[in-house]
Amino acid sequence: MLKLAIAGAGGRMGQTLTRLVHAHEGCEVVGGLEPAGSPHLGKDQGVLAGIGEIGVTVSDDPLSVLAKADGLIDFTVPAASVRLSEIAAQARIVHVIGTTGFSETDEDAIKAASRHARIVKSGNMSLGVNLLAALVKQVAAALDESFDIEVLEMHHRHKVDAPSGTALLLGQAAAEGRGINLVQHSVRTRDGHTGAREEGDIGFATLRGGSVVGDHSVILAGPSERITLTHHAESREIFANGAIKAALWAFDKKPGLYSMADVLGINA
C-alpha cells in the first residue's frame, strides 16, 4: 500500500483526491495538509470528503505528516508547492505537483528539490491532455509556419492564473514541434491596433466563467483549412486519477524531475 498525504485537503481537489485514494486498492490516505488558520484543521479528512471517518486528521504541520508518507499529492499554490518540495526532498518521498502558475525562480527551486525527491510535475495530470500534447507536438512538427497556432482555454470563474498551466503545456508542445522558443514567440494579449499577426507566433486566448472544469483547444489555421485539436474535462476526477497513477509510477524511480509524459511512456 502506497501511503499518500494530500496537500490542500479541504479544497475541491483535495476532497476528490481523498475519496479516490481511499477507494484505490493500492493506496492509503495517511495525512492531509491545510495552511495555518484553515477552518478544516483538526477535522477528519474522510468527513471533509464526504466518505465518513477514516481516522486521519487534517494538519498544518507538513514535517510530521510527510514523515509517515511515501508520497504527497499537491494541487495548491506555487509558494506552498515550492516549500513542500523542499520538505519532500528531506523526507526522500514522491511529490506529485499539479499546481500551476510557477515563476522561473519557483521552477528552479523545484528542480533543486528533485535531486533528492521523485517529483512528477505537470500543468495537467489528465491522461487525455498529455496524450493531446504529444499529438500537438507531432502535428506542429509536420506543418510549416503557414499554419498559425492558437491555444484557447476556458475554466471556471474561480481560477486565479492565466493562461492555464494546461494551455502553456500545449503551447510548449507546439513550440517543441516547431523547434522554437515559446517565450520568444508567445502572444498572451491582443488589444487595440495590434497590427498583423507575426508568422511563427503562438497565441493564447483565455476565457473564464461558470463552473467549467477545463476546456482546451489548439487551433492550427492554414491557407484555406483549419485543424482543431480539443480536450474537454468533465470532472476533477481525471486530474486526481492521473496524479495517483503518477505517484504509483514514481515510487520505485530514482530521484528526479519527471512529467506525465514520462509516466505515460510518451516522452519522445
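Before any of the text, the structure's been laid out above.
Residues numbered from 1 in each chain as written. Predicted model: local features only at pLDDT ≥ 70, side-chain atom pairs only at ≥ 80, totals over all residues. Heavy atoms only, no water.

Caption draft 1: Representation of the overall build of the chain in the model. Regarding its fold elements, the chain presents 10 helices and 12 strands. Relative to the globule expectation of 18 Å for 268 residues, the C-alpha radius of gyration of the chain, 19 Å, shows essentially globular dimensions. Viewed in the frame of its principal axes, the chain has a C-alpha envelope of about 60 × 40 × 35 Å. With 268 residues in all, the chain has 48% of them scored as buried. In the chain, of all internal contacts separated by at least 6 residues, the share reaching a separation of at least 24 is 69%. Of the roughly 12800 Å² that the chain leaves accessible, carbon and sulfur atoms contribute 51%. (Helix = DSSP H or I, 4+ residues; strand = E, 2+ residues; numbered from the N terminus. Rg over C-alpha atoms; globule rule 2.2 N^0.38 Å. Buried < 20%, exposed > 50% of the residue type's maximum accessible area, 1.4 Å probe, protein only. Contact = heavy atoms within 4.5 Å. Areas by Shrake-Rupley, 256 points an atom, 1.4 Å probe, with all protein chains shown as cover.)

Caption draft 2: Spotlight on the packing of aromatic side chains. All chains considered together, the criterion is met by one aromatic pair. Here Trp249 and Tyr258 contribute two aromatic rings whose centre-to-centre distance is 5.1 Å and whose plane-to-plane angle is 80°, an arrangement assigned as edge-to-face. For Trp249, a relative accessible area of 21% translates into the label partly exposed. Over the face of the ring belonging to Phe204 we find Arg188, whose NZ or CZ atom lies 5.5 Å from the ring centre. When the ring centre of Trp249 is taken as reference, the NZ or CZ atom of Lys253 above it lies at 4.4 Å. (Phe/Tyr/Trp six-rings, centres within 6.5 Å; stacked < 30°, edge-to-face > 60°. Lys NZ or Arg CZ within 6 Å of the ring centre and 35° of its normal.)

Caption draft 3: Examining the side chain of Ser81 more closely. For Ser81, the location among the structural elements is in helix 4 (residues 78-91). Residue class for Ser81 comes out buried when judged on its relative accessible area of 0%. Within the structure, the side chain of Ser81 is placed 2.7 Å from the side chain of Asp74, a separation counted as a polar contact. Leave out the neighbours within four places in its chain, and Ser81 touches Asp74, Thr76, His95, Ile97, Thr99 and Phe102. (Polar contact = N/O pair within 3.5 Å; in protein donor to acceptor, adjacent residues only side chain to side chain.)

Caption draft 4: Summary view of the sheet that holds strand 5 (residues 94-97). Taken together, the seven strands give an open sheet; going across it, the order is 3-2-1-4-5-6-12, and neighbouring strands pair in parallel fashion. In the strand order of this sheet, the two ends are held by strand 3 (58-59) and strand 12 (256-258), each with one partner. With two bridges joining them, strand 2 (residues 27-33) and strand 3 adopt parallel strand pairing. Bridging across to strand 3, Leu33 finds its partner in Ser59. (Pairing = 2+ DSSP bridges.)

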